Amino acid sequence: MKKLFTLFACASLAFTLSAQDSEQAAGSYYLGTGDALDLVNIFGGDIDMSATIGYAVIDDLVVTGSINGPTDDLNLDLSLRYFWNGVFFQAGASDLAGDASISLGAGKYFSLGSVSDRFYVDPQINYNLDTGFNTMIGLGARF
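Residues numbered from 1 in each chain as written. Predicted model: local features only at pLDDT ≥ 70, side-chain atom pairs only at ≥ 80, totals over all residues. Heavy atoms only, no water.

### As for the nonpolar core
Counting seven residues, the largest nonpolar core consists of Tyr30, Ala56, Val62, Phe83, Phe88, Tyr109 and Tyr120. Excluding anything up to four places from it in sequence, Phe83 contacts Glu23, Gln24, Asp60, Val62, Phe88 and Tyr109. (Core = buried A, V, L, I, M, F, W, Y, C linked by side-chain atoms within 4.5 Å. Buried < 20%, exposed > 50% of the residue type's maximum accessible area, 1.4 Å probe, protein only. Contact = heavy atoms within 4.5 Å.)

Structure below.
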């Protein structure tokens, strides 16, 4: 009876563990914009958008980066996002090639399932140690 109970407990635990899904599967690529709020100024003239690329190194852990600016003064930004229960927590460093600064943030990942599961928006709030709080909305596609 003891062996039967142990077998049942192990089998139940194995099925329970394998049924869990990750929000962001390892091996996924992300292409997006730095701040989709700049699209409001599309006819106003001053649009300052930066392309970002990301990669899920393990389930729910995504490394993102962007390179933008003029060729003589490039900005290199790197960040790390951890997804948990529908939200993400982010830590990053901006302008690594110049005056580097650290930022922390949190946001929500929304898949645009009605259009395609590949497109997403991610509103977020960030705190930069040099400039203070800012908000932004990322827009992109996952592959």
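Now, onward.
### With respect to the packing of aromatic side chains
One pass over the full model with this rule turns up six aromatic pairs. Aromatic side chains Tyr29 and Tyr55 sit 4.9 Å apart centroid to centroid with 50 degrees between the ring planes, which places their arrangement in the tilted category. Highlighted residues: Tyr29 in strand β1 (residues 29-33) and Tyr55 in strand β2 (residues 51-58), separated in sequence by 26 residues. Take Tyr55: its relative accessible area is 33%, and that puts it in the partly exposed class. Their ring planes at 55 degrees and their centres at 5.5 Å tell us that Phe83 and Phe88 sit as a pair that is tilted. Considered together, Phe83 and Phe88 belong to a single accessibility category, that of buried residues. Here a set of aromatic residues connected by ring pairs shows up, and it is made of Tyr30, Phe83, Phe88, Tyr109 and Tyr120. Over the ring of Phe88 we find Arg81; its NZ or CZ atom is 4.0 Å from the centre of that ring. One cation-aromatic arrangement involves Lys108 over Phe110; the distance from NZ or CZ to the ring centre is 5.4 Å. (Phe/Tyr/Trp six-rings, centres within 6.5 Å; stacked < 30°, edge-to-face > 60°. Helix = DSSP H or I, 4+ residues; strand = E, 2+ residues; numbered from the N terminus. Lys NZ or Arg CZ within 6 Å of the ring centre and 35° of its normal.)

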